[in-house]
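Overview (structure and organization)
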Amino acid sequence: MSVTMEKIVSLCKRRGFIFQSSEIYGGINACYDYGPLGVELKKNIKDFWWKSMVYDHRNIVGLDSAILMHPRIWEASGHVAGFNDPMVDCRQCKARFREDEIDPKKLAAGQCPRCGNKDVLTEPRQFNLMFKTHMGPVAEDASQIYLRPETAQGIYVNYKNVLDSSRQKIPFGIAQIGKAFRNEITPGNFIFRTREFEQMEMQYFVQPGDDIEALEMWKERRMAYYDKLGLNMSKLRFEEHGPDELAHYAKAAFDVEYEFPIGWKELEGVHNRTDFDLSAHQEHSGKDLRYFNDQTRERFLPYIIETSAGVDRTLLACLADAYEEEQLEKEKRTVLHLSPAIAPFKAAIFPLVKKEGMPEIALKIYDDLRGDMNVFYDAQGAVGRRYRRQDEAGTPFCITVDSQTLEDQTVTLRDRDSMEQLRISMSALKQALQDKIKGE
Ligand code: GAP
């Protein structure tokens, strides 16, 4: 049975992954809050990315720059002048569209996207996607600043600081995870397109001329990363941007696309940004941002290969990929086949019944595992129902203390995907779980 967005939204709410923001006030459009399971999944995805970038590469270091930055950064980057979407309004039904998202064939056939009247559309107006606010108590033009629409610029303006303090040499990368904000005209599809979201961006600085090879290298590495993350590789592909689709900063751009329940959509961008950003910041700041090669005694502006992934979109892809409704003999089970590395809980511990000292033993196991991994304790209701709840939460393993435990200190270890149970000695449990989580 194929997964729909409605099913994911409903599971997310039911199990505490994701809630509509400000729900008790009627909600606020396209903003979402991550609940107890969602925040763990999100954190695990970010940790997984960070490890794959910063810890798995000798030449990549991390950064966490401020969301609020000098407004001239956004002039230099081209965002003030060029980060626009063409906005079209329907005079009849008041619906608002992005002109580039209106299907020209449908329009020619007289079907405007909502009310069906193409003659009442306004001319497109350029709408800047940056959120504006004011710094300090006086709301005047001079104090206007922006919420960053991408984390990348925080890396570019710090690249010299990082270079001078970390002794990196070209080629090297700077990785950052953080919030970005865009006043999207048509947000939607749950957490796919929101106005506040998180990005995981890595900017790789190379010698000009090495950029084409570096782009190919990063395309390969990014696909290998999604494979390791556990996504179904037949649902991933690259789409190259044509010359008319390229962002203002890019010489070449590839989208990593995932086949979401709403179709093939962008998950990540891999871009060759050349020296566009560094030369713009050099010009606007008046600071020399050239790299000095102490062997050749040359100074030059590095080229930048960027990999830019959305945290929320990755999370949505992981949920869609993992979701399954399985028809068992007597019932239907909903299960999230999340990779153990990113699953919110690694294991759940149950006493079979609340007597004969079983809860005490189960709590002892729970306390012993808690220091090493995120685990859950549940003693409520029939054990079958407890298994089902964990299947829906994506918990890969369940441990049950039963009457045999009292005799031989073994517990059952149940596998989420196969539903098979084996008996394992309590003393070997932690190591066995750690091995399984690592995929050994
Ligand atoms: N620094 C380059 C950059 O920001 P982008 O293609 O505009 O490139 C990169 O964005 C990624 O950020 C996208 O592939 C997507 O995963 C995520 N993203 C962008 N806009 C988003 C939005 N409104 N809601 C959720 N995620 C978004």
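Details of the structure are given in the entry above.
As a starting point, this report considers the structure included with it.

Calculation criteria
Residues numbered from 1 in each chain as written. Predicted model: local features only at pLDDT ≥ 70, side-chain atom pairs only at ≥ 80, totals over all residues. Heavy atoms only, no water. Axes fitted to C-alpha atoms, helices over the stretch in contact; angles between N-to-C directions. Helix = DSSP H or I, 4+ residues; strand = E, 2+ residues; numbered from the N terminus. Parallel < 35°, antiparallel > 145°, perpendicular 65-115°, else oblique. Contact = heavy atoms within 4.5 Å. Nonpolar A, V, L, I, M, F, W, Y, C, P; charged D, E, K, R; others polar. Near = heavy atom within 4 Å. Polar contact = N/O pair within 3.5 Å; in protein donor to acceptor, adjacent residues only side chain to side chain. Areas by Shrake-Rupley, 256 points an atom, 1.4 Å probe, with all protein chains shown as cover. Pairing = 2+ DSSP bridges.

Packing of helix 2 (residues 36–55) against helix 10 (residues 311–322) leaves a shortest axis separation of 10 Å and a crossing angle of 110°. Classified by the angle their axes make, helix 2 and helix 10 are roughly perpendicular. Contacts from Gly-38, Leu-41, Lys-42, Ile-45 and Lys-46 in helix 2 reach Val-311, Asp-312, Thr-314, Leu-315, Cys-318 and Leu-319 in helix 10. Classifying every residue of the contact of helix 2 with helix 10 by side-chain character gives six nonpolar, two polar and three charged.

Right, let's get into the site of the ligand. Among the 22 residues in the neighbourhood of the ligand, the closest are listed as Glu-150, Thr-194, Glu-201, Glu-266 and Glu-306. Within the backbone of Phe-192, an N or O atom sits 3.5 Å from a nitrogen atom of the ligand. Calculation on the ligand without its partners gives an accessible area of 560 Å², and the protein chains cover 93% of this total. Secondary structure elements with two or more residues in the shell around the ligand: strand 10 (196–206), strand 13 (263–274) and strand 16 (303–310). The element that contributes the greatest number of residues to the shell around the ligand is strand 13, accounting for six residues. When the residues that make up the shell around the ligand are grouped by side-chain class, the tally is six nonpolar, six polar and 10 charged.

Turning our attention to the sheet that holds strand 4 (residues 84–89). Pairing in this open sheet of three strands is antiparallel, and the strands run 5-4-6 from one edge to the other. Looking at strand neighbours, the two that pair on one side only are strand 5 (96–98) and strand 6 (125–128), the edges of this open sheet. Taken pair by pair, the neighbouring strands of this sheet meet at an average axis angle of 45°, ignoring direction. Examined bridge by bridge, strand 4 and strand 5 share three bridges and lie antiparallel to one another. Along strand 5, the bridge assignment pairs Met-87 with Arg-98.

Sheet architecture is open: five strands sit in the order 20-19-21-22-23, paired in mixed fashion. Every interior strand has two partners, whereas the edge strands, strand 20 (375–377) and strand 23 (421–425), have only one. Taking each pair of neighbouring strands and ignoring which way they run, the sheet shows an average axis angle of 25°. Of the strand pairs in this sheet, strand 21 (residues 397–401) and strand 22 (residues 410–415) are connected by four bridges, and their pairing is antiparallel. Considered in strand 22, the bridge of Phe-397 is made with Asp-415. Relative to strand 19 (residues 347–351), helix 12 (residues 383–393) is tilted by about 170°, and along the sheet it contacts strand 19, strand 20, strand 21, strand 22 and strand 23.

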